[in-house]
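Next come the chains, spelled out residue by residue.
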Amino acid sequence: MHKRLIVPALIIAGVTLAFAHPGHEYHVRGTVTKVRAPYFEVDEPKRGTTSFMVVPGTEVFLNDSRATAAEIVTGVQAEVDGVENDKGLVEAKKVKLTR
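One structure accompanies this document, and this report is about it. (Residues numbered from 1 in each chain as written. Predicted model: local features only at pLDDT ≥ 70, side-chain atom pairs only at ≥ 80, totals over all residues. Heavy atoms only, no water.)

1. Regarding the pattern of salt bridges
Right, on to step 1. One pass over the structure, following the stated rule, counts five salt bridges.
Right, on to step 2. Here Glu-59 and Arg-66 are joined by a salt bridge, their closest N and O atoms 3.8 Å apart.
Right, on to step 3. Of the residues examined, Arg-66 reaches a relative accessible area of 59% and is grouped as exposed.
Right, on to step 4. The residue Arg-99 makes a salt bridge to Glu-71 at a minimum N-O spacing of 3.2 Å. Separated by 28 residues along the polypeptide, Arg-99 in the segment after β6 (90-98) and Glu-71 in the loop between β4 (65-67) and β5 (77-84) bring together distant segments of the chain.
Right, on to step 5. Looking at Arg-99, the relative accessible area reads 60%, which means it is exposed. (Salt bridge = Lys/Arg side-chain N within 4 Å of Asp/Glu carboxyl O. Buried < 20%, exposed > 50% of the residue type's maximum accessible area, 1.4 Å probe, protein only. Helix = DSSP H or I, 4+ residues; strand = E, 2+ residues; numbered from the N terminus.)

Given below as structure tokens:
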């Protein structure tokens, strides 16, 4: 009985770790739905919401011109590249905004 429960649990745990681990890269396109510096969320219609953290070195562009993190506001379209850190937070490396 216990083997029936343990094997599926180990499989699920392994799959979860395979997709969420330090160094995992993210590429998200969608709409900024929430901003609370230094964090912001981007909603993709088919995948859901991903939270990002602005860090030193995050590159921000608005309509192909250099911008600052202050341009990340709700309702703007965003394309974000990020990497998960060892604390499980996704650090934004490049943020391309369009209005």
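2. Observations concerning the packing of aromatic side chains
Right, on to step 1. One pass over the structure, following the stated rule, counts one aromatic pair.
Right, on to step 2. Centre to centre, the rings of Phe-40 and Phe-52 are 5.5 Å apart; their planes meet at 25°, and the pair counts as stacked. Separated by twelve residues along the polypeptide, Phe-40 in strand β2 (residues 39-44) and Phe-52 in strand β3 (residues 48-62) bring together distant segments of the chain. Side by side, Phe-40 and Phe-52 carry an identical accessibility label, which is buried. (Phe/Tyr/Trp six-rings, centres within 6.5 Å; stacked < 30°, edge-to-face > 60°.)

3. A look at unusual backbone geometry
Right, on to step 1. The omega torsion across Ala-37 and Pro-38 is 5°, close enough to zero to call that bond cis.
Right, on to step 2. Tracing the backbone through its elements, the reader meets Pro-38 in the loop between β1 (25-36) and β2.
Right, on to step 3. Unusually for a residue other than glycine, Asn-63 sits at a positive phi of about 50°.
Right, on to step 4. Locating Asn-63 in the fold gives a position in the loop between β3 and β4.
Right, on to step 5. The class of Asn-63 is partly exposed, set by a relative accessible area of 42%.

4. Quick notes on the nonpolar core
Right, on to step 1. Grouped together as the largest cluster of nonpolar side chains are 15 residues, with contacts concentrated most on Phe-40, Val-42, Phe-52, Ile-72, Val-80, Val-95 and Leu-97.
Right, on to step 2. Counting residues per element, the ones that place at least two in this core are β1, β2, β3, β5 and β6.
Right, on to step 3. Broken down by element, this core gets its largest block of residues, four residues, from β6.
Right, on to step 4. Setting aside chain neighbours within four positions, we find Phe-52 in contact with Tyr-26, Val-28, Pro-38, Tyr-39, Phe-40, Val-42, Val-80, Gly-82, Val-90 and Ala-92. (Core = buried A, V, L, I, M, F, W, Y, C linked by side-chain atoms within 4.5 Å. Contact = heavy atoms within 4.5 Å.)

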